[in-house]
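Okay, here's what each chain looks like letter by letter:
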Amino acid sequence: MLVGHSYGGAVITNSAVSDPDVKALVYIAGFIPAKGETVGDLAAKSSPAIPLVTTTVPDGAEVSIDPAHFRESFAGDVDKATAATLATVQRPANTKAVTDAGEKEAYRTIPSWSLITRQDKAIAPDLQRFMSKRAGARVEEVNASHAVMVSRPDAVTNLIEKAARSAR
């Protein structure tokens, strides 16, 4: 089973096709791109855009969420101290993660589940619903921000366990 949060959804969508041992995909407030679609294409459908800080690196650029706006745009249901820590320790993402087009659609052959976060400011809930429906995912919704694994670990765990039981 592969689990992907945010742009990690694109990672599992593309990588699972090449591994016959993967029996389930679980998207946690995740992007679920179709073939030829980029995370950037999908992210552009969410508004307002997440405030990002860009850093030039030898092979392009990396982005991270502006720490000054981290809580309001990513972790609105997490206490201020925890959100500040998350903002400080966030790992920047290479911009290729959002500009490389999807090549595979693992959800076409592998059962999938999707946890939609209704208070998400990073990926609009309606966009999550659209992608989940298109993927044929079994959907659960929760009142949570994009940082659902911090604010609602119970909901995340329950969905992963449900997928694991079904994939056996």
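Before reading further, recall that the structure is shown in the block above.
Residues numbered from 1 in each chain as written. Predicted model: local features only at pLDDT ≥ 70, side-chain atom pairs only at ≥ 80, totals over all residues. Heavy atoms only, no water.

*Asks:* For this particular structure, what's the right way to read the sheet that holds strand β3 (residues 52–57)?
*Replies:* Sheet strands associate in pairs through backbone hydrogen bonding, adopting either a parallel or an antiparallel arrangement. The strand order across the open sheet built from three strands is β3-β4-β5, with neighbouring strands paired in antiparallel fashion. The sheet is open, and its two borders are formed by β3 and β5 (93–94), each paired with just one other strand. In the sheet, β3 pairs with strand β4 (residues 60–65) via six bridges, with the strands oriented antiparallel. Note that in β4 the partner of V53 across the bridge is S64. (Pairing = 2+ DSSP bridges. Helix = DSSP H or I, 4+ residues; strand = E, 2+ residues; numbered from the N terminus.)

*Asks:* What am I meant to see in the nonpolar core here?
*Replies:* General note: in soluble globular proteins, nonpolar side chains tend to be found buried as a group. One finds L25, F31, Y107 and M131 to be the most contacted residues of the largest nonpolar core, which totals 18 residues. Looking at this core, the elements with two or more residues in it are α1 (8–15), β2 (25–30), α2 (39–43) and α6 (125–135). Per-element tally for this core: the top contributor is α6, with three residues. Leaving out residues up to four positions away in the same chain, L25 has contacts with L2, I12, A16, A106, Y107, I110, P111, S112 and W113. Within the second largest apolar cluster, twelve residues are counted, among which are L115, V148, V156 and A163. (Core = buried A, V, L, I, M, F, W, Y, C linked by side-chain atoms within 4.5 Å. Buried < 20%, exposed > 50% of the residue type's maximum accessible area, 1.4 Å probe, protein only. Contact = heavy atoms within 4.5 Å.)

*Asks:* Can you help me understand unusual backbone geometry in this one?
*Replies:* One non-glycine residue, S6, lies in the positive phi region at around 55 degrees. Relative to the helices and strands, S6 resides in strand β1 (residues 2–6). Judged by relative accessible area, which is 14%, S6 ranks as buried. Despite not being glycine, A29 has its phi angle at roughly 45 degrees, a positive value. Relative to the helices and strands, A29 is located in strand β2. The buried category is assigned to A29, whose relative accessible area is 0%.

This is a description of form; function is not addressed.
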